[in-house]
Structures are given as C-alpha cells and as structure tokens.
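Structure at a glance
Each chain, written out:
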Amino acid sequence: MGGPRRTVRSTAPAYKVRTTAKRRRRPAQPPRPLGALGEVIVIGVSLILAVLGSLFVAARLVPLSVPSAIGYATGMALLGGAAMFSVRRTWSRITLAACLAIAFGLGAAWLR
C-alpha cells in the first residue's frame, strides 16, 4: 500500500455537500440554411451527377438490347427524382426541375 494517505472527502473538515444544478443540454439547433451560392452549387452538382449517372445507366442497358434513349430516360427519371431531394428551397427546386427537363430533352435527342 505505500504512498501518502489521502483525505477522504466526506470526512474532511472543509467538505460540504452542495447541490449543483444539473447540466442542461442545449436544444438541437436546426442546420443553418445554405446561401444562394450554396444552393447554386448544390443544383450544379446534382445536375451533373444525374446526367452522368443516366448516361452510365444507358450504357449498361445497351448490351441488354434496350435502346439507349430509353435507358437514359430511365436513369434520368430515377436520378432526377433523387436529385430533387438534395435541394431545399422552392426556387432551387424549380430551377433544378427546369435544368433536368432541358438535360432530359438534349440527352434523349442526342442518343437517338
């Protein structure tokens, strides 16, 4: 056992039981909304991923004798719908929907 004897807190003369307030957790704050520039970046990234993913789906379905335009349309419908979940504001959803429609039309015409 060696070492100096430690004072037991409860028997020390200066020891006093004090009531302390319980620590309160801060309420979870909602995430800060992105600014306009952040929304534009999210729109651009979502659009690029949807188009490239749709081209990938079209390329993977060609060996199965599926026309590339139908494969592109399938991929664009799935990935475009998923991209709509990544944006939050109304104006950015409308902008993304318009860009997806343009990309859908251009891609389907190009793959014909």
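Please refer to the structure placed before this passage.
Residues numbered from 1 in each chain as written. Predicted model: local features only at pLDDT ≥ 70, side-chain atom pairs only at ≥ 80, totals over all residues. Heavy atoms only, no water.

1. Regarding the side chain of Ser54
Relative to the elements of secondary structure, Ser54 occurs in helix 1 (residues 36-61). Judged by its relative accessible area of 0%, Ser54 falls in the buried class. In terms of polar contacts, Ser54 uses its side chain to reach the backbone carbonyl oxygen of Ala50, at 2.7 Å. Among the polar contacts listed, one links the side chain of Ser54 to the backbone oxygen of Gly75, at a separation of 3.3 Å. In contact with Ser54, other than residues within four places in its own chain, are Gly71, Tyr72, Gly75, Met76 and Leu79. (Helix = DSSP H or I, 4+ residues; strand = E, 2+ residues; numbered from the N terminus. Buried < 20%, exposed > 50% of the residue type's maximum accessible area, 1.4 Å probe, protein only. Polar contact = N/O pair within 3.5 Å; in protein donor to acceptor, adjacent residues only side chain to side chain. Contact = heavy atoms within 4.5 Å.)

2. Observations regarding a nonpolar patch on the surface
A surface patch of nonpolar side chains, amounting to about 420 Å² of accessible area, comprises Leu37, Ile41, Val45 and Leu49. Within the secondary structure, Leu37 is located in helix 1. (Patch = residues over 30% accessible without salt bridge, like charges linked within 9 Å, V, L, I, M, F, W, Y side chains within 5 Å. Areas by Shrake-Rupley, 256 points an atom, 1.4 Å probe, with all protein chains shown as cover. Salt bridge = Lys/Arg side-chain N within 4 Å of Asp/Glu carboxyl O.)

3. Considerations on the nonpolar core
Counting 12 residues, the largest nonpolar core is built from Val42, Ile43, Ala50, Ala58, Tyr72, Met76, Ala83, Val87, Leu96, Leu100, Ala103 and Leu111. Where this core is concerned, the elements lending two or more residues are helix 1, helix 2 (68-84) and helix 3 (90-110). The leading source of residues in this core is helix 1, at four residues. With residues near it in sequence (within four places) discarded, Leu111 still touches Leu55, Ser68, Ala69 and Tyr72. (Core = buried A, V, L, I, M, F, W, Y, C linked by side-chain atoms within 4.5 Å.)

4. Describing the packing of helix 1 against helix 3
Between helix 1 and helix 3, the least distance of the axes is 10 Å, while the angle of their chain directions is 25°. Taken together, the axes of helix 1 and helix 3 are roughly parallel relative to one another. In this structure, helix 1 crosses over helix 3, and the sense of that crossing is right-handed. In contact with Ala36, Glu39, Val40, Ile43, Ser46, Leu47, Ala50, Val51 and Leu55 of helix 1, helix 3 contributes Trp91, Ser92, Thr95, Leu96, Cys99, Leu100, Ala103 and Trp110. Per-class residue counts for the contact of helix 1 with helix 3 are 13 nonpolar, three polar and one charged. (Axes fitted to C-alpha atoms, helices over the stretch in contact; angles between N-to-C directions. Parallel < 35°, antiparallel > 145°, perpendicular 65-115°, else oblique. Left-handed = near helix turned anticlockwise from the far one by under 90°. Nonpolar A, V, L, I, M, F, W, Y, C, P; charged D, E, K, R; others polar.)

5. Some points on unusual backbone geometry
Non-glycine residue Ser65 carries a positive phi angle of around 60°. With respect to the element layout, Ser65 can be found in the loop between helix 1 and helix 2.

6. A word on the environment of Val45
Tracing the backbone shows Val45 in helix 1. Here the alpha-carbon distance between Val45 and Ser86, two residues 41 residues apart in the chain, equals 9.9 Å.

7. Concerning helix 2
Here helix 2 contains 17 residues, and its C-alpha end-to-end distance of 24 Å stays within 8% of the 24 Å for a straight helix at 1.5 Å per residue. Within helix 2, burial applies to Gly71, Tyr72, Gly75, Met76, Gly80 and Ala83. The arc that holds every buried residue of helix 2, seen down its axis, measures 145°, which confines them to one face. When the buried face of helix 2 is taken as reference, the exposed residues oriented beyond 90 degrees from it are Ala77 and Leu78. (Expected span 1.5 Å × (residues − 1). Arc of directions from axis to C-beta.)

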